[in-house]
Amino acid sequence: MSLTPADHDRPELRKAIEEMVESGFTGVTMRVHDEQGEWVGGAGVRKLGETAEPPTDGHVRIGSNTKTFTATVVLQLVAEGAVGLDAPVADHLPGFGLDPGITVRMLLQHTSGVFNFTGEYYDDGTFAPGIPATTAGREWVDNRFRTYRPEELVRLALSKPARFEPGTDWSYSNTNYVLARLLIEKVTGRSLAEEMQRLILGPLGLTGTVVPDTDPEIPEPHTHAYYRYEDAGRQETVDVTRQNPSWISTGGDMISTTQDLHTFISALMGGKLLPAPLLAEMCEPHPQAGYGLGVFVQDAGENGGTVITHNGGMAGHAALMYSTPDGSRTLTAALNYVDDAALSMAEAFQKATQRLVKEVFGGGAAGAAQ
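Attention in this report is confined to the structure presented alongside it. (Residues numbered from 1 in each chain as written. Predicted model: local features only at pLDDT ≥ 70, side-chain atom pairs only at ≥ 80, totals over all residues. Heavy atoms only, no water.)

## With respect to the sheet that holds strand S8 (residues 234–239)
Reading across from one edge, S8-S7-S15 is the order of the three strands in this open sheet, with mixed pairing throughout. Each edge of the sheet is formed by a strand with only one pairing partner; in this case those strands are S8 and strand S15 (338–340). Along the sheet, successive strands turn relative to each other by an average axial angle of 35°, direction set aside. Here strand S7 (residues 226–231) runs beside S8; their pairing, made up of six bridges, is antiparallel. Its bridge partner lying in S8, Glu-230 is registered against Gln-235. (Pairing = 2+ DSSP bridges. Helix = DSSP H or I, 4+ residues; strand = E, 2+ residues; numbered from the N terminus. Axes fitted to C-alpha atoms, helices over the stretch in contact; angles between N-to-C directions.)

Below, the structure written as structure tokens:
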């Protein structure tokens, strides 16, 4: 188990990540910044069958934490006057036949009603599948290097019935953030990666953070991600660390490190990336789901106050990102595990995040996995 020199001061954190590995995670690295300083620890292994621990600041696919980065870029463009937060998206993206009632704000807050291209779970328990890449099991493994263009994902989603009239309800949809990517690229004339570099990665010096588009590689050092499926009655476990993330696009394709996630969320909450009025809008939660504009706003429980968060999982990799509203206390973590169609690690993930939030932020439970 790897630890900072001050690890003796934080036995509760060490115990928490050890218990995460005991619950089934292959490896965990965690970084905490608070009034006691910085604490970094790790447990488990970086690769199945080997004994090397996860790298202290290894790269990880951060899943839906990508949404927080993307929402920040959109809000920065709002601050620059390039787009209006309550402007109709169809004004900028006329080629999709979008409902004219869908605004930029609705994309960021998941209130557009647009079908989720990775599949929709309905209240009656039925499931409507999305793109073939998200079909569970061997089909996903066999297709993990296929390229999807963002327009393709959006058109598939828009070929399905909307979940509700724009602005009348809340439903988490990766399609919203692929539309946000296309919006960014349309209003700036530059790629999302270029705008991300200009507005966030460059100014904050986030050299470990990548917008991969279709690139299947992940920079070294990194842990390994796995996917398990059943084939002809046998359990097969495949290393899926390398994959073309265009199947999820801006819904969850970015790569980062626990250090970069800390730097980003503390700068964002500390007012270094957005004007105060826009940051306040970002952190104003929807009453139904506690979701602001690219972030969850959650109660950390008794005496814990509020935390701003967005976790993410990405086929055997996951990342946690939590902060106090002023950015003074953060928790970031990178996880690797064996994923599967049944989402077998979901309960362990939920319990682990609740435990960590309680330890770091002072009590209670938070941390829905998205």
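Next comes the rest of the write-up.
## Thoughts on the packing of aromatic side chains
In total, this model carries 10 aromatic pairs according to the counting rule given. Ring geometry for Tyr-121 against Phe-127: centres 4.5 Å apart, planes inclined by 40°, an arrangement best described as tilted. Its relative accessible area of 59% is what places Tyr-121 among the exposed residues. Classification of Phe-127 as partly exposed rests on a relative accessible area of 40%. Pairing Trp-170 with Tyr-172 gives two aromatic rings, centres 6.4 Å apart and planes at 55°, and the pair type is tilted. The structure contains a cluster of three or more aromatic residues connected by ring pairs, namely Trp-170, Tyr-172, Tyr-291 and Phe-296. (Phe/Tyr/Trp six-rings, centres within 6.5 Å; stacked < 30°, edge-to-face > 60°. Buried < 20%, exposed > 50% of the residue type's maximum accessible area, 1.4 Å probe, protein only.)

## A word on the nonpolar core
Formed by 79 residues in total, the largest nonpolar core has its most connected members in Phe-69, Leu-108, Met-196, Ile-200, Phe-264, Leu-268 and Met-282. If we skip the residues at most four places from it in the chain, Met-282 touches Thr-68, Ala-71, Thr-72, Leu-75, Leu-268, Leu-274, Gly-292, Leu-293 and Val-295. Counting 27 residues, the second largest nonpolar core, distinct from the first, contains Met-30, Val-32, Ala-348 and Ala-352. (Core = buried A, V, L, I, M, F, W, Y, C linked by side-chain atoms within 4.5 Å. Contact = heavy atoms within 4.5 Å.)

## A short note on the side chain of Thr-309
If you trace the backbone, Thr-309 turns up in strand S11 (residues 306–309). With relative accessibility at 3%, the residue Thr-309 sits in the buried group. Within polar-contact distance, the side chain of Thr-309 engages the side chain of Asn-311 at 3.5 Å. At 2.9 Å, the side chain of Thr-309 and the backbone oxygen of Met-321 are in polar contact. Those residues in contact with Thr-309 that sit more than four places away from it in its chain are Val-295, Phe-296, Gln-298, Met-321 and Tyr-322. (Polar contact = N/O pair within 3.5 Å; in protein donor to acceptor, adjacent residues only side chain to side chain.)

## A short note on the packing of helix H2 (residues 65–80) against helix H6 (residues 174–188)
Where H2 meets H6, the axes come as close as 10 Å, and the angle between the chain directions of the two elements is 40°. The handedness of the crossing between H2 and H6 comes out as left-handed. Here Lys-67, Thr-70, Ala-71, Val-73, Val-74 and Leu-77 of H2 come into contact with H6, specifically with Asn-174, Tyr-177, Ala-180, Ile-184, Val-187 and Thr-188. (Left-handed = near helix turned anticlockwise from the far one by under 90°.)

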